[in-house]
Every structure is written in structure tokens, then in C-alpha cells.
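Chain by chain, the residues run as shown.
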Amino acid sequence: MNRVVGKWAIPLVLFMSLMVAIRHAGGDTENPGSEPADTALRSKLTPVVEPDLAGLDTVVADQLRQARQETEAAIADPTASVDRLAAAYGTLGQFYHAYELFAAAESCYLNASFLTPQNFRWAHLLADVARHKGELDEAAARYEAAWSLQPYDFAALVRLGEVYTELGRAEDAEAAFKSALALNPGSPSAMAGLGQLALNRREFGDAVMYFQAALQAAPDANRLHYSLAMAYRGLGDLEAARRHLEQRGTVGVRPPDPVVDQLELLTEGERVHLVRGRLAFASGRYREAADEFAAAVAADPSSARALVNLGTALGQLGDLNAAIEKYQQALVVDPDQTTARFNLGSSLVELQRAAEAIPHLEAVLESTPYDAEAHLLLARALVATGDDWASLEHFKRAAELDPANVGAVTGGAGALVRLRQFVRAESVLDAGHRRIPDSGEIAFALARLLAACPEAEVRDGERALELAWVVFAAKPNPRHAQLIAQSLAELGRCEEAAEWQQKVVDAAAEDGATEVLPALQADLDQYVSGPPCRMPTDEGRSSSTGSTRK
Amino acid sequence: MECVTTGRSISRLVAAIVAACGLLVAASGYGAAPGDVVFVDVARSAGIEFTHFNGMTGNFTIAEITGQGAGLVDFDGDGDLDVYLVQGQLLGKEMSKAVFPWRGADPPTDRLYRNDLIVNRDGTSRLRFIDVTGASGIEAVGYGMGVATGDYDNDGHVDLYITNLGSNQLYRNRGDGTFEDVTSKTGVDDPRWSTCAAFVDYDRDGDLDLYVSNYVDFETSPTRECYSKSSARDFCGPDAYNPVPDRLFRNRGDGTFEDVTLASGIGKQFGAGFGVVAADYNLDGWIDIYVANDGDPNQLWINNGDGSFRNEALWAGAAINSEGSAEASMGVDADDFDEDGDDDIFMTHIMEETNTLYVNDGTGLFEDRTSAAGLATISLGKTGFGTGWFDFDNDGWLDLLIHNGAVRALAERVRAGDPYPLGQPNHLLRNTGKGTFEIASDSAGEPFQLIEVSRGAAFGDIDNDGDTDVLMANNNGPARLLINQIGNRNHWIGLRLLAGKVERDALGARVQVVLADGSSRWRRVRTDGSFCSSRDPRVLVGLGAAAKVKEVRILWPGGRRETWRNPPVDQYSTFREGTAPGEKK
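Residues numbered from 1 in each chain as written. Chains lettered and ligands numbered in written order. Predicted model: local features only at pLDDT ≥ 70, side-chain atom pairs only at ≥ 80, totals over all residues.

Trainee: Tell me about the overall build of chain B, and name the residues and values.
Mentor: Check the secondary structure of chain B and you find six helices and 40 strands. For 585 residues, the compact-globule estimate of 2.2 N^0.38 gives 25 Å, and chain B sits close to it at 22 Å. Each of the three principal axes of chain B carries a C-alpha extent, and together these read 65 × 55 × 50 Å. Going through the 585 residues of chain B one by one, you find that 63% of them count as buried. (Helix = DSSP H or I, 4+ residues; strand = E, 2+ residues; numbered from the N terminus. Rg over C-alpha atoms; globule rule 2.2 N^0.38 Å. Buried ≥ 20, exposed ≤ 12 C-beta atoms within 10 Å, placed from the backbone.)

The structure is reproduced here in C-alpha cells:
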């Protein structure tokens, strides 16, 4: 569909095409519906609810007004056939429905359904409206009607099964899902529905079977892993349960529903696309989100928020340069857009363009001085530009504002180490470790400092070893083994240090990490050479007994 | 055992209310003649004239539709429940711009109403509340969200913790009718947006610790704009903001608290926190903490017994619904609705989702049984907040109250010309005793026909007549005091449990009431649950037709077990730890 002239080209074309499609769906020209709708018939119609258009996006409000005018014109035409009148009401209902103006949509569909009761689509759409309103009995009745009118209405069957499930009508639900499967064998949404029913009935074996079948048909539907995990838990297979729990996500399954899905084509306006984009983004569907945000930008090129969101979605898709371009465009529109500035700074840091990022992050902090993330990001940008001194203040502030932030602790300590402020670094890490005792990163950094600090005063071999054991036990790997070796060396336990370091060297050789091997081997040689074997301090002093802080 | 003289016939109370309020109320049991009234709102006639001010200025600020809770607390220790009501503030700079003007003579603040329950010689009684805020020394002028109650300093006087959008306040009860603000002294402030809180002795050291649920980082962007799918400006949901961690404060026992949020592991995982309810979900003797998060997976903090917690919600099946979706959890309560000896969880959600019933299998693992229990259908189309398990008809089975009120404009309310178009009716659901629930709202009285934006619900026997009443907090509306008129068709037993040697309610204690036929009712002492509200710490157990209780078995928070035989029924009795017959004094 091409946009030809003016902003109304799409809605009008759509309106006309919907009218044509609906007319065809209603039957051929020989049916009784082709007769003009007489006064008696018209008098039985439901007044159409008029939604409050105040406050809607101007584009949306104008679109709805125009759709209503079109419908009213059809209604006013005394020669309008029953089919045409039904199509007019139904089309207006679809516009309202597309914007979730359910009461207005419902009143239109009721008329359409009254005029052409043989048309399954009105029953289907009425069911969808009822489902959204939480009127499950009504929804069930409408889906049943749609299915009876159109036995191939697969979506109606699956939705019917879902509604029955919520109504506690398990047997009816099962029959609906199985009928859906007969139409569409292997359908993941029908399988998932049957799985849910089995789970509710505590028939865990069946639930596993259905959820697995659904996942096989729709491997991206990672939300099913949770239901599957619960089914396995019920069966007592805890290992499988935990495995699937780890794979759970936010993507579910739903039946393809062309009658409802086409409503999205009717929506217009920046706000609508923003809302849809945010929903897609929140579900991790970044490509879809980017498309929606791009549509929002197209609807309103001066929308800074649409540009920021588009940039964010593009960033999630890995295109940081495109994201930066959008953030910059947003800032041209609205220089006070803090989110745009933060995201711009973040993207620039990620692209190792820290110097460019700094002024943006400083501007963010001017307007929101309590933003811990912005402080941390600025600190990292300053570190990247070599300004460790300036970074300290921001690492500190980030830790104050977000005491659970591990990066603020390790980042700040790292800067202090580079500045050779070892005592202060130890103090920062020690406080961080006390505050967040289960952070492996902090424990590791503290242990390393205590084991191998260039300043002898900071060293504490016993505590370093204690921490190193904890870190290694939590995650045994060569890096943590090296930490044990360093700590043992600090305590003068050179033979043991050499044994641990040998393991590290062997692991590095096995992994082909040739670039680090010389340094690791040098440490090993030092340990092997016997006491004193600790890492040398600045003072060049070494002790055969190691050090323990008093 | 100490027996108190607060048990009396409901028919007498009804007479008293008729006299006091001019309300024509018939004593009735549930299922009595059609048209009988179960609950009557007596707030105004009893002296509570409180209207919540949400401070909205037309900017669709999320905070203005979120609050607020309410508390039932016997602050003066005279044996009847007093009322604490949480107030909002202007969310803007000019009072003249408030959409719903503040009509009070003084600026809006939280209010404390003293219950001067009058008991006549003939046993009839009359409820009368006196606003004692000024004399109490309470100056709660923050944008209020909720209230938690507990005697943190073990001095026998219950204290108040007020949660706010902004700094919170801990008020120490001096025991002479006045309070002092000890927030700074005790170290329990949290300057973020706190919502609900709970006093809980998680480390079993004999003093109450404090869990504070926090919502989102509102301060950094209070004016964020959000839209509905129709493109109309609407209130933002929590997903428009970043959630902030909850807090756990450990009571040092010296009048101060230590922030152990990170050390305990609580700070590791968090969402937009609302309701919180503590119970020993896995029955290992250590009290756990369940937190309802709005739009994020809920947390079930299992107590490791060493001062730390681990979040087991996902594995336990209580983080998200059975279809794997996180829901907009608001209020929450836990109790043993199926009488199998463990605590089950009920939670309220937004209108597009069903409320959720998580049934405990006795080991701390849960199953989502919402649909099977018949709780799905009724909740769709309503946004639930305050909720609680309570046996409104004293038949022995815990029923449910659900306070509703939308968080987005409802088209039908807009069309009806409602200037605050979020109102929805509340629900009373009766437990059939067969694992299912049926709607009881229709015959529950006028309060259940009202269309209001209800939030917090506090439960307790306000008139000491042996049935559970409800304090209702309405956002941008009047507080209501729903007095239960169910009648004395069923027997009951009321218990007050005091911990150790102090005059403190033994929050966390578990009670097993054993009937002559061997069946049991399990309850626990608590003030938490619902939505940012605080309830009666006394345990009121409906006995149905049973006129006798064989035993009351108590598992105290510290692990001691005691049994009392043949306790009196249809009255309240006090049980003090370490005083059961046969116990060494």
C-alpha cells in the first residue's frame, strides 16, 4: 500500500478495501442482504456508542471522525443494502477496536451482526471484545457462534479453549483445543492449551507431552519452558524441571488470528506506534519494536521520544552507530531530552568514544544528580580517557546512590590502584565486601590486593587466602587458582603456591593462551625458587614468613 | 490463660448500631433470608470522617492512583482496635490546581482515631471514634502509602511504621497516648518510594525486624508521559520506571536497626514492590517473606536460618502464573484456606489478568489453582488491590475480600461522567470448603454495591463481637468502616498471643485449633498482608457449629510448642508464652 497524497490516503484506501472484503465475505449479490435495509430493520439497530475523542492523538481522532462520517453516510443512504449497512457498521467497529475503544466497537459489531448474522467475522470480533472486557461467558458464546458459522475459524477454536479453561470448563476446553488440532495438526497454541489443561488437572505426564510438542512446533516460545518445568516438577523429575526453568523467557504462543490481526493495519499516529513499540521492546522483540518506533518517527518526525526509542531498539539490535544518529536527532529536536543524552553517552562509551561521551553524561548529571547509572558511566568514561582522579568522585557517588552496585566498588578501587592509592583501594573493597559479601568480583579484587599489593602495609596473606578459597570454591577456574597461588606465596607457602601455579600454567597451555604463558611461568619460577616467593613490593623488601595484618 | 470479657452476641451489637446510627440492620447469617445485610458502613456515624486526597493535578502521575493503605491497631492498649488512616498530598506546587480540591481546614495529614467502644451493662455496645491525631504527636505529612504495626522495642505498646513516596517514618508509642518520631534514631528511613511494609522477627531473636517494600525510581522522572492504545494520555505503569530494591532492617535489640538488605541477600533481586506477607511457607520453623511485585516476578524469600534469604519463588511456582507470565501483583495475603496446615497465597492483579491463588503443598512448593478454584472469571475486568483471607461467616473456612479500582480510565465510567473514572465494585467471595469460591458480594450489603477506587483493606474485630470487620481505604474517596452483621449463627474462638515475658503480640506464631472431631484450623499471628495495611494481631477462628474446642496448640516464633486444653469459646482469651499448664515457669 503506498502513501499517495496527504495523510488520509492510507485510511481511506483501507476503509474501502475493508468494505469490499467484508461485502464479499458476506455472500454474493443474490443473497437477501443485497436488498435495501428498510425502516423496520433500521429501527432495531443499536445506537452506536460515541467514544470521547478528546485527548487522542490528533491523527487518530481525525481518522476516527472520518471513519464515522463514512459510516454515517452509508447509514443515511436510504438505498443502502443490508450488506452495505452491515459492512459500514462493521468497518467503523474495526477502527474503534483497533484503538481498543471496546464499547464503541461492540455497539458497531452488534449492528453488523444483527444485519448479517451469517457473517462469522462479527461474532469473532464481538468475542474478542468480550474477552478483552473480561466477559468470559459472553466471549465463549460469541466464539461458539463464530465457529458454528465458520467451521474453519481456527483462532476462534483456540480462543474458545482458552476461555473455557479460565471458566473452569475443562472438558469443553479440551474438546475445543482438540477440534483446533484437527484443523491445524501440530498447532503450538492448541498444544499449549491442552498442556495447560493437563497441568491444571495435575496430569503432569500429559502436560509434559503437550508442552514439549508445542515447544517443538514453536521453539522460540520460551515462556512454555516455565509451564513445562512445573509439569516436570509435578512428575518429580527435578533435574528436567530446573533445566527448563533456566530456559524460560517471555515469548508465548498465540493462534494466528487474521480477523483480529488485520486491525493493526488501521492504526495511525505516533503515540499508537510508541505504545506498540514499547510492548514489543518489553517482550524482547527488538526488530518489531524498531519497526514500530520507526513508524512513530514517520508519523511525527519531530518526536524526540520516538527517536530515542528507535535509537534504543537499534542499539539492542547491535547497530550502535545508527542508534547514536537517532539520539543526536532527538537532541536536535529537544536538547533537554535526558534519556537521549544518557543513551548517547552510553553508546559512545561502548564504541570506545569516551571523550565524546563525557559532556553528554555530565549534562545528564546536571539535570538528574541522583542517577547512579549516569555517575558510573561517567566514571568509566573518565577512566577510559585516562582521568582516574576525576573518576573517583563519580564511582563514589554511584556506590552511595546504589549500595548494591558492584561495578562502582571495583571500578573505584581499580582507579585507586592505578593511582597507587592502595590503602584507599583496600578500604573501598573491604567496605564493598562487607556490604555485598556474595559478590565474587569484589572478593576477588580484595583478595588480589591483599595478596599482591605493591604496598607492603596493605598485604594480608591470611585474609587473602581465606577469600581466595571462597572465590575458588564458588567458581573453580584458572584465574581463581592463580589467586590462591598468589595468596599462598604471600604467606611463604611457596611449594603449595608452585603446585597451584603449575595447574594454572597447564590450563593456559592447554587452552593455547600463549600470550599470557610467559608471565604465568615467571610467577611459577618465582614460587619454585623457594622462600621468599611473594610478589615483590614497592619497597623491594620481601619476607620469608609472609605478612599478616594485625 | 487470661480471659478477657470481650465476647458478646452479635444481635446485641446490631441493636447497638441501630441505636447509634439509625441504621435498620437485621442480624443475619450468611445464607439467611435474601436481602439480609452482612456488612454496614458506619464510618461517619461512628466519627470517622476521612476523605483521601490523592493530590492529582491532571498530570497523570502514577503515584496519585497507587495509594493507600490503612491500619487497625490498639495503640492505647484498651482492648479495642483503633484506626490509622493514610493520607496523600498535593502532587504539584499549587493547591489551587488540584483536580479534586482539598476541603479540610488544615493541611492533609494521616489521621489516628481512637476507638471508644462503649459496652453497656446489658451487653449492647456502641462504636465511637475520636480523632486524636493532634494529641498523639503524629505528624505524618508525607505522601502516604501504607502503615505497618508492631512493637519493635518490646515495651508492650504497638508502634507505627509509615511508608511514603519519599522518606518513611517510624513512630514509637510512648504508652501514654502519644508517639515520638524515632526514624533517624532507629535508622529505618528509606527516602525512595516505599509502599508496603511488615514487622517480622526473621532471626528469631525476640524482637521485630522490618521489611520495607519499594516500588520504582519515581524521583528521576516524575513527569513521564504514557498513553493508552487509543493514544489518549494515561497513567504510566511501573514498566515506565526502573524498580528499586526493597529493604530489610534487622532489629539490634537496642532500639536501633541495621540495614541488612545486601548482607541478607534481599537486595539481589527486586521488582516494583507492593504487598508483603511473612509466613513460614516451607514449615521449617523459620519465617519467610513473600513480596508481590507489579509487573515483575514475585519473590519468595526463603529464610536460610542464618540471617540470609534465598529467592525461591520461581522454583516454588509462585513467581509468575502457570502460563509463565509475570503479573501486575498488587495486594497479597497468605493463610490456610484449605485447612491442610500450610499457608496458601492469594494475590490481586490488574484487570486484564486474573487474580492468582497459589496453593501450598506443605513444602513451600505452590500450584496455581486459580481457575480450578473458580477465582479466574470474577477477577477479569477488575483491578484488585487490598485483599485478605478472613472467615466472615465464622463457618471455619477462610473467605476472601478483594478491593478493586482501576489504574487506567474506564471508558464506561468516563461515559457516565465520573470525574475519577477508575471506580469498580469490591468483591466478597465465600469459601465453599471444597476448594472453590462463590460470589457473596451480592448479598453482602450496600458497601459492595458502591463503585469506588478501593485500595487498602485492614481486617479485625473492631467491635469485639466475635466476627471480622473491615476498614476500607479508598483512593480519592472516603474511608469506610464495614461492620460485620453476620450474626452469631456460628461459634468462634478469639486468641491473643503474647510473646515471652513481654506484652508484645507474638507475630509469626502459628496456632492450631483442634476440634472435638479431630479436625484442625491453622492460623497465625500477624499484622501484615493485604495492600499496605495493617490488621488485628488477634486470631479469630470460626468454629461453625462446634461449641467446643478440644485444644489450642501454639508454635511460638522462637520454636517453643505449647498446648492448652478445653479453652472457652465465643470469647477472646489471652495466651502467654511459657504459661501453658505443665510448662515450667
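Trainee: Describe the overall build of chain A, with residues and values.
Mentor: Looking only at helices and strands, chain A has 29 helices and zero strands in total. Radius of gyration (C-alpha) of chain A: 33 Å, far over the 24 Å computed for a compact globule of 550 residues. Taken over 550 residues, chain A has a buried fraction of 52%. Within chain A, counting contacts between residues at least 6 apart in sequence, those at least 24 apart form 52% of the total. (Contact = placed C-beta atoms within 7 Å.)

Trainee: Requested: an account of the interface of chain B and chain A, with residues and values cited.
Mentor: Facing the 34 residues of chain B at the interface are 44 residues of chain A. Put simply, the parts of the chain that give the side of chain B that touches chain A at least two residues each are α4 (313–316), α5 (376–379) and α6 (411–415) of chain B. Its residues placed into classes, the side of chain B that touches chain A shows 14 nonpolar, 14 polar and six charged. (Nonpolar A, V, L, I, M, F, W, Y, C, P; charged D, E, K, R; others polar.)

Trainee: Tell me about the packing of helix α28 (residues 494–510) of chain A against helix α29 (residues 517–528) of chain A, and name the residues and values.
Mentor: All names here are of chain A. Where α28 meets α29, the axes come as close as 8 Å, and the angle between the chain directions of the two elements is 160°. Here α28 is positioned roughly antiparallel relative to α29, judged by the angle of their axes. As α28 packs across α29, the resulting crossing turns out to be left-handed. Of the residues in α29, those in contact with Cys494, Ala497, Ala498, Gln501, Gln502, Val504, Val505, Ala508 and Ala509 of α28 are Leu517, Leu520, Gln521, Asp523, Leu524, Tyr527 and Val528. Of the residues in the contact of α28 with α29, the class split is 12 nonpolar, three polar and one charged. (Axes fitted to C-alpha atoms, helices over the stretch in contact; angles between N-to-C directions. Parallel < 35°, antiparallel > 145°, perpendicular 65-115°, else oblique. Left-handed = near helix turned anticlockwise from the far one by under 90°.)

Trainee: Can you tell me about unusual backbone geometry, naming the residues and giving the values?
Mentor: The residue after Pro531(A), namely Pro532(A), is reached through a cis peptide bond having omega -10°. In this structure, Pro532(A) sits in the segment after α29. Note that the residue after Gly67(B), namely Gln68(B), is joined by a cis bond; omega there is 25°. Note that Gln68(B) resides in the loop between β2 (39–41) and β3 (70–73). In the Ramachandran plot, Asn464(B) falls in the positive-phi region, its phi being about 50° despite a non-glycine side chain. Judged by the 26 C-beta atoms lying within 10 Å of it, Asn464(B) is buried. A positive phi angle, close to 55°, is found at Cys532(B), a residue other than glycine. Examined against the element boundaries, Cys532(B) turns out to sit in the loop between β36 (520–524) and β37 (539–544). On the basis of neighbour counts, which here come to 35 C-beta atoms within 10 Å, the residue Cys532(B) falls in the buried class.

Trainee: How would you sum up the packing of helix α8 (residues 154–167) of chain A against helix α10 (residues 188–200) of chain A? Please name residues and give values.
Mentor: Residues and elements named next belong to chain A. Taken N-terminus to C-terminus, the directions of α8 and α10 make an angle of 15°; their axes are 10 Å apart at the nearest point. If you check the angle between α8 and α10, you find them roughly parallel. Once α8 is placed against α10, the crossing between them reads as left-handed. Between α8 and α10, the residues in contact are Val158, Gly161, Glu162 and Thr165 and Ser189, Ala190, Gly193, Gln196 and Leu197, respectively. Of the residues that constitute the contact of α8 with α10, the class distribution is three nonpolar, five polar and one charged.

Trainee: I'd like a description of the sheet that holds strand β5 (residues 111–115) of chain B, backed by residues and values.
Mentor: Residue and element names in this part refer to chain B. Read across the open sheet, the four strands follow the order β3-β4-β5-β8; overall the sheet is antiparallel. Among the strands making up the open sheet, the edge pair consists of β3 and β8 (129–131). The mean inter-strand angle of the sheet, taken between neighbouring strand axes irrespective of direction, is 20°. The pairing of strand β4 (residues 82–85) with β5 spans three bridges and is classified as antiparallel. Within β5, the residue paired with Leu85 across the bridge is Arg111. (Pairing = 2+ DSSP bridges.)

Trainee: Any chance you could break down the confidence of the model for chain B for me, citing the residues and the numbers?
Mentor: All names here are of chain B. Per-residue confidence for chain B averages 90 on the pLDDT scale, and 93% of its residues sit at or above 70. This model gives residues 1–35 a pLDDT under 50, and the stretch forms 86 contacts once residues within four places in sequence are excluded. Note on the complex model: pTM 0.82, ipTM 0.88. (pLDDT = per-residue confidence, 0-100.)

Trainee: Please provide a residue-by-residue account of the pairing of strand β38 (residues 549–555) of chain B, values included.
Mentor: Residue and element names in this part refer to chain B. With six bridges joining them, strand β35 (residues 510–515) and β38 adopt antiparallel strand pairing. Bridge assignment links Val511 to a residue of β38, and that residue is Ile554. Pairing of β38 with strand β39 (residues 561–565), which is carried by five bridges, proceeds in the antiparallel orientation. Residue Val552 lies in a different strand from β39, and its bridge partner there is Trp564. Count of turn residues in the β38/β39 antiparallel hairpin: five residues, of which Gly559 carries a positive phi of about 110°.

Trainee: Mind laying out the confidence of the model for chain A, listing which residues take part and the relevant values?
Mentor: Residue and element names in this part refer to chain A. Of all residues in chain A, 91% have pLDDT values of 70 or greater, and the mean over the chain is 88. For chain A, helix α1 (residues 9–26) is the element with the lowest average pLDDT, namely 39, and helix α11 (residues 204–217) is the one with the highest, namely 98. Below pLDDT 50 for its whole length, residues 1–30 participates in 33 contacts with residues either more than four positions away or in separate chains.

Trainee: Requested: an account of the sheet that holds β39(B), with residues and values cited.
Mentor: Residue and element names in this part refer to chain B. Strand order in the open sheet formed by four strands is β36-β35-β38-β39, and the pairing between neighbours is antiparallel. Looking at strand neighbours, the two that pair on one side only are β36 and β39, the edges of this open sheet. The mean inter-strand angle of the sheet, taken between neighbouring strand axes irrespective of direction, is 15°. Bridge analysis of β35 against β36 gives five bridges, and the strand direction is antiparallel. Within the sheet, the bridge partner assigned to Val511 lies in β36 and is Arg523.

Trainee: Residue-level account of helix α7 (residues 136–149) of chain A, with values.
Mentor: For the α-helix, the turn length of 3.6 residues means that residues three or four positions removed from each other point alike. Taking 1.5 Å per residue as the helical rise, α7(A) with its 14 residues ought to reach 20 Å, and the 20 Å between its terminal C-alpha atoms agrees with that figure. Of the positions making up α7(A), those classed as buried are Leu136(A), Ala139(A), Ala140(A), Arg142(A), Tyr143(A), Ala146(A) and Trp147(A). Contact partners of the buried residues in α7(A): α6 (120–132) and α8 of chain A together with α5 of chain B. (Expected span 1.5 Å × (residues − 1).)

Trainee: Any details on helix α9 (residues 170–183) of chain A? Residues and values, ideally.
Mentor: Residues and elements named next belong to chain A. Between its terminal C-alpha atoms α9 stretches 20 Å, which fits the 20 Å expected from 14 residues at 1.5 Å a residue. Every buried residue belonging to α9 is among Ala173, Ala176, Phe177, Ala180 and Leu181, and all of these are buried. All buried residues of α9 lie within an arc of 140° about the axis, which places them on one face of the element. Among the exposed residues of α9, those oriented more than 90 degrees off its buried face are Glu171 and Ala182. Summarising the contacts, the buried residues of α9 are in contact with α8 and α10. (Arc of directions from axis to C-beta.)

Trainee: I'd like a description of the environment of Arg278(A), backed by residues and values.
Mentor: You can see Arg278(A) is positioned in helix α15 (residues 270–282). Residues Arg278(A) and Glu288(A), 10 residues apart in the sequence, show an inter-C-alpha distance of 9.8 Å.

Trainee: Go over the environment of Lys178(A) with me, naming the residues and quoting the values.
Mentor: If you trace the backbone, Lys178(A) turns up in helix α9. The class for Lys178(A) is partly exposed, based on 14 C-beta atoms found within 10 Å.

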